[in-house]
Protein chains: 2
Amino acid sequence: MIETPYLLFLGDAPDQLAAKVAQGIKDWRPDYAVAQFRMEGCKADMGLPDMTLAEAKAAGCKTMVVGVANRGGVISPAWKKVLVAALEEGFDLASGLHNLLRDEEDLAAVARATGRALHDVRVPEVDYPIANGRKRQGRRMLAVGTDCSVGKMYTALCMEREMRARGMNASFRATGQTGILITGDGVPLDAVVADFMSGAVEYLTPDNDPDHWDLIEGQGSLFHISYSGVTLALIHGGQPDALVVCHEPMRAHMRGLPEYALPSLEQVRDAALAMARVANPGCVVVGYAINTQALPEAEARAYVAEVEARLGLPATDPFRFGAAKLVDALAAL
Amino acid sequence: MIETPYLLFLGDAPDQLAAKVAQGIKDWRPDYAVAQFRMEGCKADMGLPDMTLAEAKAAGCKTMVVGVANRGGVISPAWKKVLVAALEEGFDLASGLHNLLRDEEDLAAVARATGRALHDVRVPEVDYPIANGRKRQGRRMLAVGTDCSVGKMYTALCMEREMRARGMNASFRATGQTGILITGDGVPLDAVVADFMSGAVEYLTPDNDPDHWDLIEGQGSLFHISYSGVTLALIHGGQPDALVVCHEPMRAHMRGLPEYALPSLEQVRDAALAMARVANPGCVVVGYAINTQALPEAEARAYVAEVEARLGLPATDPFRFGAAKLVDALAAL
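Keep in mind that what you see is a predicted model, and the values were worked out from it rather than measured.

Undergrad: Where do I start with the pattern of salt bridges in this structure?
TA: When the charged atoms of two side chains with opposite charge come close together, those side chains can pair. Considering all chains together, one arrives at 40 salt bridges over all chains under this definition. Among the salt bridges present, the one from A:Arg38 reaches A:Asp45, with a minimum N-O distance of 3.8 Å. Relative accessible area serves as the criterion here: at 30%, A:Arg38 is assigned to the partly exposed category. Notably, a salt bridge pairs B:Glu160 with B:Arg164, separated by 3.2 Å at the nearest N-O pair. Separated by 4 residues within a single helix, B:Glu160 and B:Arg164 lie in helix 5 (residues 152-165), roughly one turn from each other. Residue classification places B:Arg164 among the partly exposed positions, given a relative accessible area of 46%.

Structure follows, in structure tokens:
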């Protein structure tokens, strides 16, 4: 669990896109995004107050989050100076970088000396149990996809926002690095040891109020041969009551696998539902989330309408057109 | 890769069953099983020559394998004395124990000083790649099951024996601790990090001669919610040409999951085949392996005949009645 609120470290980001993690926090957890820290030459701007470390501390920030992707996989000396100063100022640090904070000798030493925490969200911090499959109270939605990176995290976050706006009892549950940094908590599922994957998902989505919905971020795809095992652990560990099938219409092939065509929405629906009903016989598919960012609006609306007509269930681009239809479907269960 | 042949350490095994790993090596790799080392009070006997460390060394043994399960999860001082002496004598050590050899300070220090290897086969020793899904040369059979521990390893080993007896080109591929100790090589798949599971299976079953068969030990079950992700990684990483569905007829429920009923053979056939065809569209189910150890012979034969009639494919208990039918089916592909 990462302490909030955050000071967002944008470093020397060469452009806005390099600060995608900071943008996600700003968009989805604005309450956590108190201020930004930019170094000389930084080309990203979250529209937040620029603060010194001391100002951010005074404003109540608890953790400095590395909200920017670094270049070349090394933490530069210029960054290091700020990160060390932040620890000295009393901030914890959180990062999803491939090169871990804890592997930097100076950061590790200063963190020990100051009693601050280094959160490398790529590495599990919990000894997860083996899944027991027992029925848990509360309800769960899982986003599944035709492929990796088709909008499963955004779908779950959009649904959470819509549900909270309606006063519904709902929690986004992060299963990847970006989601964990956005929300401050979650399971980095792709880094969990095989035997404990499904148990980690049970741990992430425990017993809850009967009217509470966990909105679980999906990973991979049952049809992506590199990561399908992670997807199935989510389906079985999450014991979802509802599935939303996510898709990006412009893909020529499965991500990273040029020889593999995408499955149809029908194939994903049928395969995911059959597997989900092993853990929860009452599971249903409630709708489809289409990532239309590459399509002009008229084409996007036509595509969504075609999916809805063909599959007989609500379809939308939840980020572009809102998640209301999907939430209506959940509420009607 | 563990160096062979072996001296089998039976320790102070309280009975024959406690030495199951040694028995497996003796049964399936008799060429590796040169001698046994028994301590006072040992109640297990593999029928091998009892040798001192010096005699076993002179007989060509390279590795002393802990062929016995220890009690209480600690390596006793009495065992320790022998293990240290074996390192000093020039043996490597190999073990599938939960408590690792490498975590014992004295063993680790002596191994370093003598330049010997400690093989803890529960821990991966390779940085496996992410699966790329490219079609590999050679052919592959994967054993899938209705549940855990229904005879997937034995099925693959029985088929390997039958194929080698016929002069066919075949290799058992171990994916669990016992299989790795038996054959000296393999991937401890349940201990691999999620993102690399499927890639580890690709690594285990690389390009091979066109007529070569990998006989891949299965793990878990698509219908076992704790371990199903591991199973799917085997199905997608192994890109099998052939599946054999394994089953144990006496199970009241899924292993460790009292609330979960077993799937039917038909359900496993259909689910496994649909997933296998993502990686290899030509995959077929070739037959059924029934673990009939709990049934009298007449009942066992009747059960197998019923499966064969109902499913329309060869069925056998490969350990009890031989694997010829399954190998015939592979050879006919």
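Undergrad: Would you explain the UniProt feature "domain: D-glutamate N-acetyltransferase-like C-terminal" (unreviewed entry) in chain A in this entry?
TA: Summarizing the sequence annotation, UniProt attributes the feature "domain: D-glutamate N-acetyltransferase-like C-terminal" (unreviewed entry) to residues 130-327 of chain A in the numbering used throughout. As annotated, residues 130-327 of chain A comprises 39% helix and 15% strand, and the C-alpha atoms at either end are separated by 32 Å.

Undergrad: I tried to follow the UniProt feature "domain: D-glutamate N-acetyltransferase-like N-terminal" (unreviewed entry) in chain A on my own but got confused; where do I start?
TA: The feature "domain: D-glutamate N-acetyltransferase-like N-terminal" (unreviewed entry), as given by UniProt, occupies residues 38-124 of chain A in the numbering adopted here. Measuring from the first to the last C-alpha atom of residues 38-124 of chain A gives 29 Å, for a span that is 33% helix and 14% strand.

Undergrad: Would you explain the interface of chain A and chain B in this entry?
TA: In this complex, chain A contributes 35 residues to the contact, which on the side of chain B involves 35 residues. Both sides together, the interface formed by chain A and chain B hides about 2,700 Å², and carbon and sulfur atoms give 61% of it. Of all residues in chain A, the largest losses of buried area upon contact with chain B belong to A:Asp195, A:Ile225 and A:Tyr260, amounting jointly to 19% of the total for that side. In this assembly, chain A and chain B are joined by 0 salt bridges. Counting every contact that joins chain A to chain B gives 12 residue pairs in polar contact (both at pLDDT 80 or more). Mapped by element, the contributors of at least two residues to the side of chain A that touches chain B are helix 7 (197-204), helix 8 (228-238) and helix 9 (265-279) of chain A. If you tally residues by element for the side of chain A that touches chain B, the top one is helix 8 of chain A, at 5 residues.

Undergrad: Please clarify how the domain arrangement of chain A should be interpreted in this entry.
TA: It is common to report an interface's size as the accessible area lost on association of the parts. Residues and elements named next belong to chain A. Looking at chain A, the domain boundaries give domain 1 (6-120) and domain 2 (139-332). Distance between the C-alpha centres of domain 1 and domain 2: 29 Å. Contact with domain 1, which involves 13 residues of that partner, is made by 13 residues of domain 2. Carbon and sulfur atoms make up 62% of the area that domain 1 and domain 2 hide from each other, which totals about 1,100 Å². The largest per-residue losses of area from domain 1 upon contact with domain 2 belong to Val 21, Trp 28 and Arg 29, which jointly make up 59% of the total buried on that side. Joining domain 1 to domain 2, the criterion identifies 1 salt bridge. When the shortest N-O distance is used, the salt bridge between Glu 160 and Arg 29 registers 2.9 Å.

Undergrad: I keep staring at the sheet that holds strand 10 (residues 284-290) of chain B and nothing clicks. Help me out?
TA: Residue and element names in this part refer to chain B. Read from one edge to the other, the open sheet built from 6 strands follows the order 7-8-6-9-10-11, with strand pairing classed as parallel. Each edge of the open sheet is held by one strand with a lone partner, namely strand 7 (170-173) and strand 11 (315-316). Sheet topology places strand 7 next to strand 8 (residues 213-216); 4 bridges connect them, and they run parallel. Opposite Ala 170, over in strand 8, you have Trp 213 as the bridge partner.

Undergrad: Quick question: what am I supposed to make of the state of the cysteines here?
TA: Note on terminology: disulfide describes a covalent bond linking the sulfur atoms of two cysteines. All names here are of chain B. The tally for this structure, following the rule as stated, stands at 0 disulfides over all chains. Its sulfur unpaired, Cys 42 is 16 Å from the next cysteine sulfur, which belongs to Cys 61. Exposure remark for Cys 42: the relative accessible area of 15% places this residue in the buried category. As a non-bridged cysteine, Cys 158 has Cys 246 as the owner of its nearest cysteine sulfur, 10.0 Å distant. On the basis of relative accessibility, which here comes to 9%, the residue Cys 158 falls in the buried class.

Undergrad: Please clarify how the relation of the copies chain A and chain B should be interpreted in this entry.
TA: The operation linking the two copies of the chain is a rotation about an axis combined with a translation along the axis. The operation relating chain A to chain B is a screw motion whose rotation component is 180°, with 0.0 Å of axial translation and a residual RMSD of 0.0 Å. Taken together, these values place the two copies in the relation of a two-fold axis. With an isologous cut-off of 70% or more, the 100% of interface residues of chain A that recur at the interface of chain B puts this contact in the isologous class.

Undergrad: How do you make sense of the sheet that holds strand 1 (residues 6-11) of chain A when you look at a structure like this?
TA: Sheet strands pair by backbone hydrogen bonding; their relative direction is either parallel or antiparallel. Residues and elements named next belong to chain A. One open sheet holds the 5 strands; their spatial order is 2-1-3-4-5, and the pairing between them is parallel. Each of the sheet's edge strands pairs with one partner strand only, and the pair in question is strand 2 (33-38) and strand 5 (118-120). The average undirected angle you get between the axes of adjacent strands in this sheet is 25°. Inspection of the sheet shows strand 1 paired to strand 2 by 5 bridges, in the parallel sense. Residue Phe 9 lies in a different strand from strand 2, and its bridge partner there is Phe 37.

About the cut-offs
Residues numbered from 1 in each chain as written. Chains lettered and ligands numbered in written order. Predicted model: local features only at pLDDT ≥ 70, side-chain atom pairs only at ≥ 80, totals over all residues. Heavy atoms only, no water. Salt bridge = Lys/Arg side-chain N within 4 Å of Asp/Glu carboxyl O. Buried < 20%, exposed > 50% of the residue type's maximum accessible area, 1.4 Å probe, protein only. Helix = DSSP H or I, 4+ residues; strand = E, 2+ residues; numbered from the N terminus. UniProt positions renumbered as here; feature names shortened; annotations may be inferred. Contact = heavy atoms within 4.5 Å. Buried area = accessible area lost by both parts, 1.4 Å probe. Polar contact = N/O pair within 3.5 Å; in protein donor to acceptor, adjacent residues only side chain to side chain. Domains from an automatic or database assignment. Pairing = 2+ DSSP bridges. Disulfide = S-S within 2.5 Å. Least-squares fit on C-alpha atoms with pLDDT ≥ 70 in both. Axes fitted to C-alpha atoms, helices over the stretch in contact; angles between N-to-C directions.

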